[in-house]
Amino acid sequence: MHPSLPPLAMSTEPVESEQVVVEADHDSPTWRQLSDFSVSVSRKGFPSQASYADLRFRSVKDMGSLAGPEKKIVEGKLGYVLEDVPHFTDYLPDLPNYPNPLQDNPAYSVVKKYFVNEDDTVPQKVVVQINSPRGIHFRRGGPRQRVYFESEDVYACIVTCGGLCPGLNTVIRELVCGLSYMYGVKKIVGIQGGYRGFYARNTIPLAPKIVNDIHKRGGTILGTSRGGHDVMKIVDNIQDRGINQVYIIGGDGTQKGASVIFEEIRRRGLKVAVAGIPKTIDNDIAVIDKSFGFDTAVEEAQRAINAAHVEAESVEHGIGVVKLMGRYSGFIAMYATLASRDVDCCLIPESPFYLEGKGGLFEYIEKRLKENGHMVIVVAEGAGQELIAASMRSMGREDASGNKLLLDVGLWLSQKIKDHFTSKQKMTINLKYIDPTYMIRAIPSIASDNVYCTLLAQSAVHGAMAGYTGFTAGLVNGRHTYIPFYRVTEKRNKVIITDRMWARLLSSTNQPSFLSAEYIEEIKTPREPPK
Ligand SMILES: Nc1ncnc2c1ncn2[C@@H]1O[C@H](COP(=O)(O)OP(=O)(O)OP(=O)(O)O)[C@@H](O)[C@H]1O
Ligand SMILES: O=P(O)(O)OC[C@H]1O[C@](O)(CO)[C@@H](O)[C@@H]1O
Ligand SMILES: [Mg+2]
C-alpha cells in the first residue's frame, strides 16, 4: 500500500448509522476476502435528506482481479442503487475545500439554484412498474457549492485518443473556456498525439484565445493515436509535471486506458482528477444516451445516401451501396436509413444476414429491382464479417490498440452482388459503391452537437473541480451524470434487433429480417424463469 493512502473504514455488516465498525487497508487479507462490505463515506453532505438508516454503503472490489475497479455502491430502500464515482476524500480525507468561484461570477450568480444538490442522482431506467426496484442511479453532474482546487493551483491537461469524430475540437475548446471563464484556471496544456504524447511529445499551451474558433474545424488540434498506452510512463509524466486535472477524450479503449491511469494515480495517493469525456462516432459506448458527433455523422451520411439514390434511380437496375461506420454497432447505419427513407436495405453487425436462397439478400434485391427498377443498400462496416471471413482469409489482424481490423464489407458485398446478377442470373445491373467513412469523420460538428459538446465539457470541469475523479461525464436520460469508468467499458452499446427501433427500420425498408422461423419463435416465447 502506498504510504499516503489512508485505511478505509469498513464494516462487515450493513451500516445502520454513521458508525465506523472495522478498519482495514486495501491490500490487507481482510480486504481481499470481502467482496461486499459497508464503508463510511467521509465526504460531507450525502445523504442529507435520506437518513443513514435508509442507506447501505458498499465498496465492492472486483474479486476476479485485484487490479480491477473498486466499486462505490450506495443502496437504499425500494431497491435504490447509486453506482457512485470516486472522490478525492475517499483516499485523501483531510483535503481542504473552498467556496465555488462561480458564486461570484455575474453570469451565473443570478441563476436560481445554480448549484447541484449533493444528493441528486439520475436513474438509469426511467420506465418503471409499480413494484419494480428503483434500480441503478448515477451521480448528477454539475457545479457544486464547494470545490477542492483553488483556481491558481489547477494545472490541467487535455488529450484526445482513438479515431476522429466530429466535435473533438469543440470539446477541447469548451474544456479550455470552461476552466478559464468559470473557474479562472490559467494553466492548461494539450497532450499531443494521444496517450503516447504524455511521454513522447511536448505539450502545447492552451488558452481561450488559442482555441477560439477550433470548433469550426474537423479533427483534433491535439492529434490522436491508437496504442502507446504505457500507464507507468503516463502517470510518471503527470506527476513530474505537477498536472492535477487530466481530461481524456476518447472511445471505449480510451476510457479503459483512463481507468487504468486513475487506478495508478489513486495507488500513488496523488491529488489528480481524471475525467473522461466519451467519444465514439459509432455510438457504441454503454450507459450514455448518445455520443457527441453521432448526429453529425448521421446528417453527413445523408449526402452519401442521396448520391447513391440519384445514381441508382438514373439507370436501369441501378444499385447504390453505401458503407457507413460501425465496427460492432450499427447505429449510424440504422439512423441514417431511418432518416433517409430512400434506403431499401440496411445491414448491421448485430443482425446477421445471408446472400443465397429463400429469404436471402439476393432474392430481395431481385424483387426490389423488379418492383422499383433501382435500390439503395446501406451497410455498416462491421456487418457480415463472418460471411466475408468464410470466403476470404486474413482475419485476426489488429490495429495498434488491439482492435480487430475488419475486411471491407462494402467492396466484398458489391462484388458478390455483381457476380450473382451478371454471371449467374444474367441480369444487367448498374452498381455504384460509395464509401464516405473518412469524409464523415473529418467534418466539424453540427450546431446541436456543438451544444452537446459544450455541456459535456462543462460537466467534466465541474466534476473535477468538485473533487470527483475516475469518472466519465455522460448524458443519461437527458441529464448530465458522472459514471464510473467500469460501467462504460464493461460492455458495448449495440442495436437490439428485438427492440422497436429495429422493427421500425424493417417496416420502413421492407427488407427481410434474415432471422430463421425458429429464432423468431424462440424470442416470442417467454422463457420459464429459472427455479
Ligand atoms: N484495455 C486498455 N487498457 C489500457 N489502454 C487501452 C486499452 N484499450 C485501449 N487502450 C488505449 O486507448 C487508446 C484508444 O483506444 P482505441 O484505439 O481502441 O480507440 P477508442 O478510444 O476505442 O476510440 P474509437 O474506437 O472510437 O476510435 C489507445 O491509445 C489504446 O492504447
Ligand atoms: O482507420 P482508423 O483510424 O483506425 O479508424 C477506423 C475505425 O474508427 C471508427 O471510426 C471509430 O472511431 C470506426 O468506425 C472505424 O472502424
Ligand atoms: Mg473503440
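Residues numbered from 1 in each chain as written. Chains lettered and ligands numbered in written order. Predicted model: local features only at pLDDT ≥ 70, side-chain atom pairs only at ≥ 80, totals over all residues. Heavy atoms only, no water.

Student: Looking at this structure, I do not really get the site of ligand 1. What am I missing?
Tutor: In the vicinity of ligand 1 there are 17 residues, among which Gly 163, Gly 227, Asp 252, Thr 254 and Ser 401 approach most closely. At 2.9 Å, a side-chain N or O of Arg 327 approaches an oxygen atom of ligand 1. Contact with the protein chains hides 83% of the accessible area of ligand 1, taken as 620 Å² for the molecule alone. When residues are assigned to domains, the shell around ligand 1 turns out to be shared by domain 2 (146-290 + 444-489) and domain 3 (294-442 + 496-524), each giving three or more. (Near = heavy atom within 4 Å. Polar contact = N/O pair within 3.5 Å; in protein donor to acceptor, adjacent residues only side chain to side chain. Areas by Shrake-Rupley, 256 points an atom, 1.4 Å probe, with all protein chains shown as cover. Domains from an automatic or database assignment.)

Student: Whenever I open this one, the site of ligand 2 confuses me. Can you help?
Tutor: Close contacts around ligand 2 come from Gly 163, Arg 226, Lys 279, Ile 281, Asp 282, Met 325, Gly 326, Arg 327, Glu 381, Tyr 438 and Arg 441, and that covers them all. In the complex, 80% of the free accessible area of ligand 2, which totals 400 Å², lies under the protein chains. Across the shell around ligand 2, the residue classes tally to 3 nonpolar, 2 polar and 6 charged. Both domains that furnish three or more residues to the shell around ligand 2 are identified here as domain 2 (146-290 + 444-489) and domain 3 (294-442 + 496-524). (Nonpolar A, V, L, I, M, F, W, Y, C, P; charged D, E, K, R; others polar.)

Student: Quick question: what am I supposed to make of the UniProt feature "binding site: ATP" (unreviewed entry) in the chain here?
Tutor: Residues given the UniProt feature "binding site: ATP" (unreviewed entry) here are Gly 163, Arg 226, Gly 227, Gly 251, Asp 252, Gly 253 and Thr 254. Spatial clustering of the annotated residues is evident: they stretch over 92 residues in sequence, but the largest pairwise C-alpha distance comes to 13.0 Å. The topology assignment puts Arg 226 in the loop between helix H6 (208-211) and helix H7 (231-241). Those residues in contact with Arg 226 that lie beyond four places of it in its chain are Gly 162, Gly 163, Arg 196, Arg 327, Asp 399, Ala 400, Ser 401, Asn 403 and Arg 441. Structurally, the position occupied by Gly 227 is in the loop between H6 and H7. If sequence neighbours within four positions are ignored, Gly 227 has contacts with Arg 196, Ala 400 and Ser 401. (UniProt positions renumbered as here; feature names shortened; annotations may be inferred. Helix = DSSP H or I, 4+ residues; strand = E, 2+ residues; numbered from the N terminus. Contact = heavy atoms within 4.5 Å.)

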